[in-house]
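Report on the structure
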Amino acid sequence: MLPSIVKRWLCKPKQHMLQIINQIMDERIPNERPNRDFHIKFPDEFLQDHLEVQLWFAAECLVAGSLIEMQEAEALLLRPLAEEMLHSLEEVRRSLRDQCLSDASVYPDLLKEALVRFDCSFAEFELSYVSAVVPIKSPEELFQQQQIIVLFCETIERSVLELPVIVLISLQVLWKRGSLSCWPVLIALLGESHQCYLPVCM
């Protein structure tokens, strides 16, 4: 990962540019964008706000011949992907600049094709680069993570289902004692879907 001082120097202009390009792609080519489900394989600490900027910087270093956090053999494999990504990015920037000088409200097919090429090349470089510099999650780790999520959801669901029963019992006790100061709170806890049971418990 990049030192914090380098991050501050890099992030502002490049991050702003990538945000604009991503927004345009979301609006103009939403169905042509590549799937990025591979993000679940990345370590949690690696997914951060400036990841795209760091990938851009890494691609520039690879094209320039710098070895960053990887072996030379891996760098040789990644360099063509980095070149393709940077070339497609420059093509998008040039196309957007030219279009702004003519009619900024129109997105011709050539511009959309350039956006698709950039998005696909960026996604391919992202997966390949991250897989080379950090250990990604194994299928076993992903399965364990999914099991934990399922267990958590089932626990929450069970708690929600049992909540009306607990509230109804509390209502019965309060009604018998003549203490109804908590009535509005209990009604709110029950929710509209379970308030039909109120006459039953009285």
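Refer to the structure presented above.
A brief structural summary. Please read all numbers here as calculations on a predicted model, not as lab measurements. (Residues numbered from 1 in each chain as written. Predicted model: local features only at pLDDT ≥ 70, side-chain atom pairs only at ≥ 80, totals over all residues. Heavy atoms only, no water.)

Comments concerning the packing of helix 2 (residues 51-64) against helix 4 (residues 109-133)
Contact geometry of helix 2 with helix 4 gives a least axis separation of 11 Å together with a crossing angle of 80°. Considering the angle they form, helix 2 stands roughly perpendicular to helix 4. Note on element contacts: helix 4 touches helix 2 through Phe 122, Phe 125, Glu 126, Tyr 129 and Val 130, opposite Leu 51, Glu 52, Leu 55, Ala 58, Ala 59 and Leu 62. (Axes fitted to C-alpha atoms, helices over the stretch in contact; angles between N-to-C directions. Helix = DSSP H or I, 4+ residues; strand = E, 2+ residues; numbered from the N terminus. Parallel < 35°, antiparallel > 145°, perpendicular 65-115°, else oblique. Contact = heavy atoms within 4.5 Å.)

Observations regarding the pattern of salt bridges
Tallied over the entire structure, the rule returns seven salt bridges. Between Glu 91 and Arg 117 there is a salt bridge; the shortest N-O distance is 2.4 Å. Note that Glu 91 is positioned in helix 3 (residues 72-102) and Arg 117 in helix 4, a separation of 26 residues in sequence. By relative accessible area, Glu 91 is classed as buried at 17%. Under the relative-accessibility criterion, Arg 117 is labelled partly exposed at 35%. A network of salt bridges, in which partner residues are shared, links Asp 26, Arg 33, Arg 36, Asp 119 and Glu 126. (Salt bridge = Lys/Arg side-chain N within 4 Å of Asp/Glu carboxyl O. Buried < 20%, exposed > 50% of the residue type's maximum accessible area, 1.4 Å probe, protein only.)

Focus on the environment of Gln 71
Note that Gln 71 resides in the loop between helix 2 and helix 3. Owing to a relative accessible area of 58%, Gln 71 belongs among the exposed residues under this scheme. Between the C-alpha atoms of Gln 71 and Ala 132, which are 61 residues apart in sequence, the distance is 8.9 Å.

Details of empty space enclosed by the protein
Applying the stated criterion across every chain yields a total of one cavity of 30 Å³ or more. The volume enclosed by the largest cavity comes to roughly 50 Å³. Elements supplying a minimum of two residues to the lining of the largest cavity: helix 1 (4-28) and helix 4. Taken together, the residues of the lining of the largest cavity break down into four nonpolar, one polar and four charged. (1 Å grid on protein atoms, 1.4 Å probe; cavity = no way out; pocket = protein on both sides within 12 Å on 5 of 7 lines; lining within 4 Å. Points joined across faces, edges and corners; volume = space filled by probe spheres on them. Nonpolar A, V, L, I, M, F, W, Y, C, P; charged D, E, K, R; others polar.)

Structural notes on the packing of aromatic side chains
For the structure on display, the rule yields two aromatic pairs. When the centroid spacing of 5.6 Å and the interplanar angle of 20° are considered together, the rings of Phe 125 and Tyr 129 count as stacked. With Phe 125 and Tyr 129 both in helix 4 and four residues apart, this pair spans about one turn of that helix. Taken as a pair, Phe 125 and Tyr 129 share a single burial class, namely buried. Stacked on the ring of Trp 56, the Lys or Arg Lys 14 has its end atom at 4.6 Å from the ring centre. (Phe/Tyr/Trp six-rings, centres within 6.5 Å; stacked < 30°, edge-to-face > 60°. Lys NZ or Arg CZ within 6 Å of the ring centre and 35° of its normal.)

In short, shape yes, function no, at least from these values alone.
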